[in-house]
Amino acid sequence: MDPLPERDRGLSVVSVSVRFGGIAALEGVDLVVDPGEIVGLVGPNGAGKTTLINCVGGQLVQSSGSVWLGGESLDGLPPFRRARRGVARTFQRIAVFPELTVREHLFIAARARRRGGARWSELVDRGRPDPDESAEIATTLELVGLADRADAAVSTLPLGACRLVELGRALIGRPTVVLADEPSSGLDARERATLATVLRTLPAQGIGVLLVEHDLPMVSLVCDRVVVLHVGRVIAQGAFQAVMADPAVRRAYLGQVA
Amino acid sequence: MSTFLSYAVPGIPFGCTYAIVAMGLVLTYRTTGVFNFAFGSQAFVSAFTYTVLIGEGIPTWLAFVIAVVVLAPALGWVLDRFLFRRIAATNTTAKLVSAVAVFVALPQIVLLMFGSATRFSPPPLFLDAGRVYLHLFSTPINGLELETVIMTAALVLVVSAVLGASRFGLTVRAAVESPRLLQLEGVRSDRVLSAAWMGSSLMAGLAGVLLVPQYPTLQFNNYAILLVAALAAAALGNLADVQLALLGGILLGVVEGLASGYFSTSSVWHTGLLPAIPFLLLAILLVTRGRLRALEDTEDPLAGSDPPPPVPIAVTRSAELDRVIKLGGRALAVAAVVSVLTWVPGNWAFTLTAGVVYSIIFLSITLVTGMSGQVSLCQATFAGIGAFVAAQLAVHHGVPILLGAVIGALGAMVVGALGALPALRLRGLPLALLTLALALLADNAVFPYSWAGGPASGLNVPRPQIGSINLATTSSKGFFVLALLVLIACVIGVKVVQRATVGRYLDALRASPLGAESVGINPSAARVFVFALSAGLAGLGGALYASLQQSINPADFNYQFSLVFVVVVVTTGVRTVEGAIQAGVSFVVVEQLLSYLPGRWGSGGLAIVLFAFAALTYARHPEGVVEFQKRLWTERAERWLGLGGRSDRIVEMATASTGTDRDGPVA
Ligand SMILES: Nc1ncnc2c1ncn2[C@@H]1O[C@H](COP(=O)(O)OP(=O)(O)O)[C@@H](O)[C@H]1O
Ligand SMILES: [Mg+2]
């Protein structure tokens, strides 16, 4: 597939394959997330969803294929450079900073994503948010519903709140695309509602979302489009209802249940 | 052919001992997840016991049985049962620090027990070293060479029989994947772990005893080299392949034999490259082998349930108590300084000055280990670079010692930054191994030159001259003030960085490199920065140390100091600047107090043993035992005084952490 048509778009993954030893975790996966679009990525366990997100985030280097963001190739860039270019993500196995507070998480992310430690003054400054950053942090805290726990160390928060911290950390600093890896696992009903609300505010800001999710009602609620991955291949994509009616998809899911 | 063989054959016995220890390393690492540095010391303990017993007139076979068959496995069993088994599988730093502490403590313990007199090596076990038993392509093979080969072959047969047979191998694999998972599934892995520890300790003991007749006298340093050579061999097998490790060990011995044969004794290759071969090999393998780098990524599937160490109590104690303690602390510090300047006798003033200088060096460990979460085993080498640069400049070029100290610190900084470059993608264990290799490389191939570490008899280093004040003549108290001022400046510098944006980035990187990089923090830049800064601090401290002592020699900053430094700082608390200062002062004070003890007890070894034992609590109290006690007493005080404090979240975390300790992997 020629990457050129996607030039002015958000995220585009072009025939990406990943092999671990002899096992193919992804095979020729194509996927596009336009700005302001929420794309659901579903599939049984081991389908390769996390592997795909790792390829976009830079945590993993694909065996072949390429990843583009806003018409520029991300291939060969380390994760931190991709983050500064606008790729944000959460982790299936959470990767928070336990000793730091929620507010510190957001501060670090806001500052690192914007200017990435390139200034000498950061060696001697006071490590406090400037007014712009403070405003951004306050907005994000409200958005993910953690304003009342902003100064708690993250190690004292339950798993659900930690996932929201990761989401906030990903959203701050206006990324181009957000990769959310099973953000709702471990969340209670209220936190799930918050999550859905947060996700639905993103398209208006032009942020694209790739949402990996097992909670199908949530997927049908927030996603514009769904991509189904099975054993490393895209087996269906399109509107939620249509995709779920696809016999191949039913087989993939039922096959796993049985 | 015969020249080739006559060079290669003498390398074989060395190669065999490397191979045996390498096998032991791989086996324990595979089964228990512990990378046991202490094997070098365990080999030494067996060798020492063997030598002592033979000196007492005990028959060779009995000495061998006691030292290798009884003592070595017993030691392994004790280390497993009372130490490593209590450390969570995922706590890399704790495992590393504990192994280093054992490595440092064991030789000191045997030396304390039996004295450090020179011990001449007994002859080989059952063959005659002087007799030629057979010819291989007309190259004579003597008893020593034949004997090590026979013993190694026998060991290999036994090991492969044990591993090949039974379900032992399978259980071993499961234990490597996740001891905790194994426990959840109700499989008792205790016996497997014990067996692996005892077996591999026996190997270490055997290698130790086989190495004895290779050298005229028993020297611990040869066992440190044995360890590194075995590390390199194990690295050849990616720390996973026993056969490759075995082969690698023997090859390494042969290559060393060939190198020492073909390089003429006077050439720079012979003096410079030859002793560096195992360290260079280890360093190159660590940097280039992807699989070694990935060691850190093989995570326990049930990880993440270990809570982080608690926040320092100083951050969370109640405001009232905080005020009192800070005031008290300052008063104490002022009183100590005034005392040193007035009534404290000269030798104690000198000791405390040394403590201040050590504090500067130890701050470098606060940076690397406390702030960036990596264990570096070459901080003494950086201190040495600072010291030797300053000393050489002063002695040969007349550069004032303080200017020399600054240049030395800058030099160490450059070396630290350059050293960080190949290490960028390493963390945890592989990084620690790389720093150890670099330290030993400097010890063996750089510092011994007289242009670097000075002549073996030592370099005379001047005391500073500030204006008309010559700190050499105004006793050491002037120097105390100078050192104190430098320390204060360094402390302020570190605190500024800690508080700055960069400090926050380092907090994030320490807690989760994955998470930190995903928000745009450049881990490489942070790593280079931290290593450069910490090397600079160590270099500055080293230069001051040289000037304080007024004389240094090449061995003053060898790798053993690096290990001891880590152990000492970890004991008092590696996370705080205060911890570094407490470490510096308590290190010298304990040593000075113990020096009043009679005979060998006062020789300094005891202090190292005490600190090492304290460091063994790192798994339980990663914040340092001293910090732990501070928290305990602060909480008590708060309860007695009825002060609410901000420490409720600390209590919560503390109970959580002791909870996991108790029902940890297989405790
Ligand atoms: N680091 C790795 N090494 C080997 N195999 C892996 C690795 N990571 C993932 N896999 C394999 O790749 C496949 C896809 O995994 P993953 O992307 O985690 O699936 P999902 O997130 O859809 O559940 C699985 O079969 C998994 O076992
Ligand atoms: Mg997944």
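A few points on the structure. All values derive from a computational prediction rather than experimental measurement.

**What to know about the overall build of chain A**
In terms of regular secondary structure, chain A is built from 9 helices and 10 strands. What you see for chain A is a C-alpha radius of gyration of 18 Å, in line with the 18 Å of a compact globule of 258 residues. In terms of overall dimensions, chain A has C-alpha extents of about 55 × 40 × 35 Å along its principal axes. Across the 258 residues of chain A, 53% fall into the buried class.

**Brief notes about the coordination of the magnesium ion (ligand 2)**
Protein-derived coordination of the magnesium ion (ligand 2) comes from Thr50 of chain A (OG1) and Gln92 of chain A (OE1), at a distance range of 2.0 to 2.1 Å. Residue threonine 50 of chain A is located in helix 1 (residues 49-57), and its partner glutamine 92 of chain A is located in the loop between strand 6 (87-89) and helix 3 (102-115); the two are separated by 42 residues in the primary sequence.

**Comments concerning the sheet that holds strand 9 (residues 225-230) of chain A**
Residue and element names in this part refer to chain A. With mixed pairing, the 6 strands of this open sheet are ordered in space as 6-7-8-3-9-10. Each edge of the sheet is formed by a strand with only one pairing partner; in this case those strands are strand 6 and strand 10 (233-238). When strand polarity is set aside, the average angle formed by the axes of neighbouring strands in this sheet is 20°. Of the pairings in the sheet, the one linking strand 3 (residues 38-42) to strand 9 comprises 4 bridges and is parallel in character. Paired with valine 42 across the strands is valine 228, a residue of strand 9.

**Observations concerning the environment of tyrosine 358 of chain B**
Residues and elements named next belong to chain B. By the element assignment, tyrosine 358 lies in helix 17 (residues 346-371). Owing to a relative accessible area of 8%, tyrosine 358 belongs among the buried residues under this scheme. C-alpha separation for the pair tyrosine 358 and phenylalanine 565, spaced 207 residues apart in sequence, amounts to 9.0 Å. Residues contacting tyrosine 358, with those up to four places away along its chain left out, are Tyr545, Phe565, Gly584, Phe587 and Val588.

**Description of the site of ligand 1**
Residue and element names in this part refer to chain A. Lining the immediate environment of ligand 1, one finds Phe20, Ala25, Pro44, Asn45, Gly46, Ala47, Gly48, Lys49, Thr50 and Thr51. Between ligand 1 and lysine 49, the relevant distance is 2.8 Å, taken from an oxygen atom to a main-chain nitrogen or oxygen of the residue. In the model, an oxygen atom of ligand 1 is placed 2.7 Å from a nitrogen or oxygen of the threonine 50 side chain. For ligand 1, whose free accessible area comes to 570 Å², the fraction covered by protein is 58%. Looking at the shell around ligand 1 element by element, the count peaks at 3 residues for helix 1. Among the residues forming the shell around ligand 1, the class breakdown is 4 nonpolar, 5 polar and 1 charged.

**Some details on the state of the cysteines**
All names here are of chain B. Overall, the coordinates contain 0 disulfides over all chains when judged by the stated rule. In this structure cysteine 378 is not part of a disulfide, and its nearest cysteine sulfur, from cysteine 490, lies 18 Å away. Judged by relative accessible area, which is 4%, cysteine 378 ranks as buried.

**Considerations on the side chain of serine 66 of chain A**
Residue and element names in this part refer to chain A. Mapped onto the elements of the fold, serine 66 is located in strand 4 (residues 64-69). Owing to a relative accessible area of 14%, serine 66 belongs among the buried residues under this scheme. A distance of 3.0 Å separates a polar atom in the side chain of serine 66 from a polar atom in the side chain of tryptophan 68. What serine 66 contacts, discounting residues up to four positions off in sequence, is Ser12, Val13, Val14, Val16 and Asp75.

**Some points on a nonpolar patch on the surface**
All names here are of chain B. A cluster of nonpolar side chains, contributed by Leu341, Val481, Leu485, Ile488 and Ile492, occupies part of the molecular surface with about 420 Å² of accessible area. The dominant element in the nonpolar patch, judged by the number of residues it contributes, is helix 21 (residues 475-499), at 4 residues. Structurally, valine 481 can be placed in helix 21.

**Digging into the sheet that holds strand 1 (residues 11-20) of chain A**
Residue and element names in this part refer to chain A. Spatially, 2-1-4-5 is the arrangement adopted by the 4 strands of the open sheet, whose pairing is antiparallel. Of all the strands in the sheet, the pair left with one neighbour each is strand 2 (23-33) and strand 5 (72-73). Here strand 4 runs beside strand 5; their pairing, made up of 2 bridges, is antiparallel. For tryptophan 68, the partnering residue across the bridge sits in strand 5 and is serine 73. Packed on one face of the sheet, helix 1 meets strand 1, strand 2 and strand 4 and runs near 115° to strand 1.

**Some words on the interface of chain A and chain B**
Contacts between the two partners involve 36 residues from chain A and, on the opposite side, 33 residues from chain B. With both sides pooled, the region where chain A packs onto chain B buries about 2800 Å², and carbon together with sulfur makes up 61% of that total. The three residues of chain A that bury the most area against chain B are Phe80, Glu99 and Leu123 of chain A, which together make up 22% of that side's buried surface. Arginine 504 of chain B is the salt-bridge partner of glutamate 104 of chain A, the closest N and O atoms lying 2.5 Å from each other. Scanning the region where chain A abuts chain B turns up 9 residue pairs in polar contact (both at pLDDT 80 or more). Sorting the residues of the side of chain A that touches chain B by element identifies helix 2 (79-85), strand 6 and helix 3 of chain A as the ones contributing at least two each. Broken down by element, the side of chain A that touches chain B gets its largest block of residues, 7 residues, from helix 3 of chain A. Looking at the side of chain A that touches chain B residue by residue, the classes come out as 18 nonpolar, 6 polar and 12 charged.

Calculation criteria
Residues numbered from 1 in each chain as written. Chains lettered and ligands numbered in written order. Predicted model: local features only at pLDDT ≥ 70, side-chain atom pairs only at ≥ 80, totals over all residues. Heavy atoms only, no water. Helix = DSSP H or I, 4+ residues; strand = E, 2+ residues; numbered from the N terminus. Rg over C-alpha atoms; globule rule 2.2 N^0.38 Å. Buried < 20%, exposed > 50% of the residue type's maximum accessible area, 1.4 Å probe, protein only. Donors = N, O, S within 2.8 Å, 3.2 Å for Na, K, Ca; no water. Pairing = 2+ DSSP bridges. Axes fitted to C-alpha atoms, helices over the stretch in contact; angles between N-to-C directions. Contact = heavy atoms within 4.5 Å. Near = heavy atom within 4 Å. Polar contact = N/O pair within 3.5 Å; in protein donor to acceptor, adjacent residues only side chain to side chain. Areas by Shrake-Rupley, 256 points an atom, 1.4 Å probe, with all protein chains shown as cover. Nonpolar A, V, L, I, M, F, W, Y, C, P; charged D, E, K, R; others polar. Disulfide = S-S within 2.5 Å. Patch = residues over 30% accessible without salt bridge, like charges linked within 9 Å, V, L, I, M, F, W, Y side chains within 5 Å. Salt bridge = Lys/Arg side-chain N within 4 Å of Asp/Glu carboxyl O. Buried area = accessible area lost by both parts, 1.4 Å probe.

That is the geometry; function is a separate question.
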